[in-house]
Amino acid sequence: MAYEINQTLPRSFGRLKSGERSTISILASYLRGALASLLPRYGLLLAFLALWQVSSTEGWVNPAVFPPLNAILSALWTNLANGALLDDIAISLQRSGTAFAFAVVIGIPLGLFMGQVRAVEQALDPILQLFRQTSALALYPVFILLLGLGETSKIFVIFWATLFPVLLATIGGVKEVDQKLIEMARTYGAGSLTVFRRVILPASVPAIFVGLRLSATTALLLLIAAEMIGANKGIGFQVMNAQYNFQIPLMFAAILLLAFLGLAANALLVLLQRRLCRWSQPNA
């Protein structure tokens with residue numbers, strides 16, 4: 001019996017080792033596939049981050065000006081854990097979200113109307129182009145004089161900058177609707193309201209989402225400038241306050257946090273667009 005046990009043990013160990021080798025090979029192939037799909041898209045970004053970390057750690061650049069990434073992430077985590085940045089995030093999202101919501105509520109209906117009524121577009125287009133070419137930051141002192149240094153002027157300057165991407169993208173989307181589709185719908189007896197609901201509005205949605213994504217990015221960019229003047233809370237205030245107090249890791253942490261919020265807003269809008277515009281996706 002001892003001889004039989006000695007004969008069977010190596011076989012069982014061999015099977016276990018063979019199974020382990022199979023698992024390792026599967027994991028290795030999975031990792032190779034993941035790297036092959038991620039490196040073409042994120043390889044340059046990862047190389048930039050690695051160069052930043054190494055150059056700051058090794059002293060190739062001044063670490064007091066460009067701290068290493070681990071110090072920035074540590075400052076970000078510490079201030080999130082103790083709640084120092086949570087209030088700033090909430091206030092900044094409230095400001096930018098309110099301005100973005102007003103831009104959507106006003107810009108999309110006005111754009112749909114102007115895109116269909118050519119006389120209205122011709123009358124309003126010159127003044128819209130004039131206002132669009134005027135920087136919102138240049139008008140910020142005017143908004144402060146009119147609305148004060150409180151929340152209203154901060155929200156209004158963000159609204160002013162985010163309105164035009166939504167408005168112009170909506171007008172462009174309506175004007176680019178295939179006229180043959182409109183004529184076909186009217187040939188089959190569709191009224192003006194039905195043509196708008198079934199043809200014009202669905203065909204304009206992809207262009208509208210392009211404007212929404214531009215507006216979301218613009219809202220976060222203007223948020224920094226708005227919170228740098230007369231604010232005592234918000235991510236933009238934290239950037240300036242950390243710079244004044246020479247808390248450079250915290251300053252970069254606030255900038256990184258703003259970038260994450262922008263990426264999250266863009267990803268949310270892309271997901272919403274894919275759900276609402278499945279018919280326009282290439283694999284649909």
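Residues numbered from 1 in each chain as written. Predicted model: local features only at pLDDT ≥ 70, side-chain atom pairs only at ≥ 80, totals over all residues. Heavy atoms only, no water.

Details of the side chain of K154
Right, so step 1: In this fold, K154 is placed in helix 6 (residues 151–175).
Right, so step 2: Excluding residues that lie within four positions of it along the chain, K154 makes contacts with R95, Y140, L149, A226, I229, G230 and A231. (Helix = DSSP H or I, 4+ residues; strand = E, 2+ residues; numbered from the N terminus. Contact = heavy atoms within 4.5 Å.)

Brief notes about the pattern of salt bridges
Right, so step 1: Per the counting criterion, the structure on display carries three salt bridges.
Right, so step 2: Where R95 meets E151, a salt bridge forms, and the shortest distance between an N and an O atom there is 2.7 Å. Placement of R95 in helix 3 (residues 86–116) and of E151 in helix 6 is noted, with a sequence separation of 56 residues between them.
Right, so step 3: Taking relative accessible area as the criterion, E151 reaches 39% and is therefore assigned partly exposed.
Right, so step 4: Across the pair E121 and K175 runs a salt bridge whose closest N-O atoms are separated by 2.9 Å. (Salt bridge = Lys/Arg side-chain N within 4 Å of Asp/Glu carboxyl O. Buried < 20%, exposed > 50% of the residue type's maximum accessible area, 1.4 Å probe, protein only.)

What to know about the UniProt feature "transmembrane region" (unreviewed entry) in the protein
Right, so step 1: The UniProt record marks residues 30–52, 59–77, 97–115, 127–149, 155–174, 195–226 and 246–272 with the feature "transmembrane region" (unreviewed entry), using the residue numbering of this structure.
Right, so step 2: Counted over residues 195–226, helix gives 100% and strand 0%. Its end C-alpha atoms are 42 Å apart.
Right, so step 3: Overall, residues 246–272 shows 93% helix and 0% strand. The separation of its end C-alpha atoms is 40 Å. (UniProt positions renumbered as here; feature names shortened; annotations may be inferred.)

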